[in-house]
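# Examination of the molecular architecture
Below are the chains, spelled out letter by letter.
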Amino acid sequence: MKHIHSYYSPNDLYNKIIDGLNKIGTDLSAVTLEDLQPVDEFHIRGDVATKELIKLAQFTPDMHILDVGCGAGGSTRRLSHETGCCVTGIDLSDEYIDAAERLTQLLKMQERVKFHAASALALPFDDNTFDGAWSIQMNMNVEDKLGWLKEVYRVLKPGGRAVLYEVCGHKNSPQYFPVPWAQDSSMSFLVPPEPFRDIITAAGFKIEAWNDKTDLAQKAFANMAEPVGVQNLPELGVHLLVGNDIRTKAYNLRRNLDEERVSLIETVAVKPKL
Ligand SMILES: C[S@@+](CC[C@H](N)C(=O)[O-])C[C@H]1O[C@@H](n2cnc3c(N)ncnc32)[C@H](O)[C@@H]1O
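Presented here is an overview of the structure given in this document.

What counts, and at which threshold
- Residues numbered from 1 in each chain as written.
- Predicted model: local features only at pLDDT ≥ 70, side-chain atom pairs only at ≥ 80, totals over all residues.
- Helix = DSSP H or I, 4+ residues; strand = E, 2+ residues; numbered from the N terminus.
- Rg over C-alpha atoms; globule rule 2.2 N^0.38 Å.
- Buried ≥ 20, exposed ≤ 12 C-beta atoms within 10 Å, placed from the backbone.
- Contact = placed C-beta atoms within 7 Å.
- Near = placed C-beta within 6 Å.
- Nonpolar A, V, L, I, M, F, W, Y, C, P; charged D, E, K, R; others polar.
- Pairing = 2+ DSSP bridges.
- Axes fitted to C-alpha atoms, helices over the stretch in contact; angles between N-to-C directions.
- Parallel < 35°, antiparallel > 145°, perpendicular 65-115°, else oblique.
- Left-handed = near helix turned anticlockwise from the far one by under 90°.

Regarding its fold elements, the chain presents eleven helices and seven strands. Over its C-alpha atoms the chain spans a radius of gyration of 18 Å, differing by no more than 12% from the 19 Å that the globule rule assigns to 274 residues. Based on the C-alpha atoms only, the size of the chain along its principal axes is roughly 60 × 45 × 35 Å. Looking at the chain residue by residue over its 274 residues, the buried ones come to 43%. The contacts in the chain between residues at least 6 apart in sequence include a share of 76% that link residues at least 24 apart.

Have a look at this one:
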């Protein structure tokens, strides 16, 4: 797990984001979720996907939701902003959690949105704590998927719903690397959708919704060309999170989608009531 932690550990992430915002002339006293979207919603189809997940989740303002593998916290904040829920995010990367906390303060959302550095395999919460959970494109880095899902199950209250939006394997293998979530195959643990579904039910969940989003992912990445020469990267973007080879990573993700080496699944899994 150490090399996964290092992959997601850029130096001084918060100040790099602030620097990027300054360079594009953002007024730091009035930063919005939209201003941060290029860097803090690090998953396929960004805020568009997050908004779809919010609709699917149907979380209500009285709920306390857990975001497992929250990264820099963009979707954590968006979920709270759009629903009024309290949301707690956890992530393996201390650097992402530091940026998540400071960005949340910048947006004055710290009353309802909190963060902890922790592993998805050992959640620092009591049984039956949360009304709901979500996890957005983290499973790719987790070899012990049953261990992760059992942890989510444990901390959810009975009747609680877990929304997962996850990259899975597909008919063909191996995948091309590097990709946005991994520099090489030693950090990536993909299983095809059907075994993934079996692992979710083996953890105790009942599947309430199962949507294949691979075609939308393909459309989103259709224009990712193979990068040639020196890349002019924008001031604000996910290269700040995982390195300047992001265009090669996006191109490889496109090839993996087009050649049926990866798929994208959105699902709602429920912890049955007692
Ligand atoms: C592709 S990013 C997605 C981040 C965030 N969910 C988002 O959509 O912006 C994957 C995240 O999973 C985190 N992660 C990977 N393995 C983890 C683990 N075992 N426990 C907690 N977080 C983990 C990484 O640190 C990274 O922030």
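There's more to say after this.
Next up on the list: the environment of Leu264. Residue position: Leu264 is located in strand 7 (residues 262-270). Residue class for Leu264 comes out buried when judged on the 25 C-beta atoms lying within 10 Å of it. Taking the C-alpha atoms as reference points, Leu264 and Val163, 101 residues apart in sequence, are found 13 Å from one another.

With that settled, consider the site of the ligand. Taken together, 23 residues lie around the ligand, and Phe42, Gly69, Gly71, Leu92 and Ala120 are the ones closest in. When its residues are assigned to classes, the shell around the ligand shows twelve nonpolar, nine polar and two charged.

Take the sheet that holds strand 1 (residues 64-68) next. Strand order in the open sheet formed by seven strands is 3-2-1-4-5-7-6, and the pairing between neighbours is mixed. Two strands close off the open sheet at either side, each with one partner strand: strand 3 (113-117) and strand 6 (206-212). Taking the axes of each pair of neighbouring strands and ignoring which way they run, one obtains an average angle of 15° across the sheet. Contacting strand 1, strand 2 (86-91), strand 3 and strand 4 (130-136), helix 5 (residues 74-83) crosses the sheet at an angle of about 170° to strand 2. The strands that helix 6 (residues 94-106) touches are strand 2 and strand 3; relative to strand 3, the one it contacts most, it runs at about 165°.

Time to look at the packing of helix 4 (residues 46-57) against helix 5. Direction vectors running N to C along helix 4 and helix 5 enclose 50°, while the axes themselves pass 10 Å from each other. Comparing their axes, helix 5 and helix 4 come out oblique. Viewed along their axes, helix 4 and helix 5 form a crossing whose handedness is right-handed. Residue-level contacts link Asp47, Thr50 and Ile54 of helix 4 to Ser75, Arg78, Leu79, Glu82 and Thr83 of helix 5. Among the residues making up the contact of helix 4 with helix 5, the classes are represented as two nonpolar, three polar and three charged.

Scope: geometric values only; no functional claims are made or implied.
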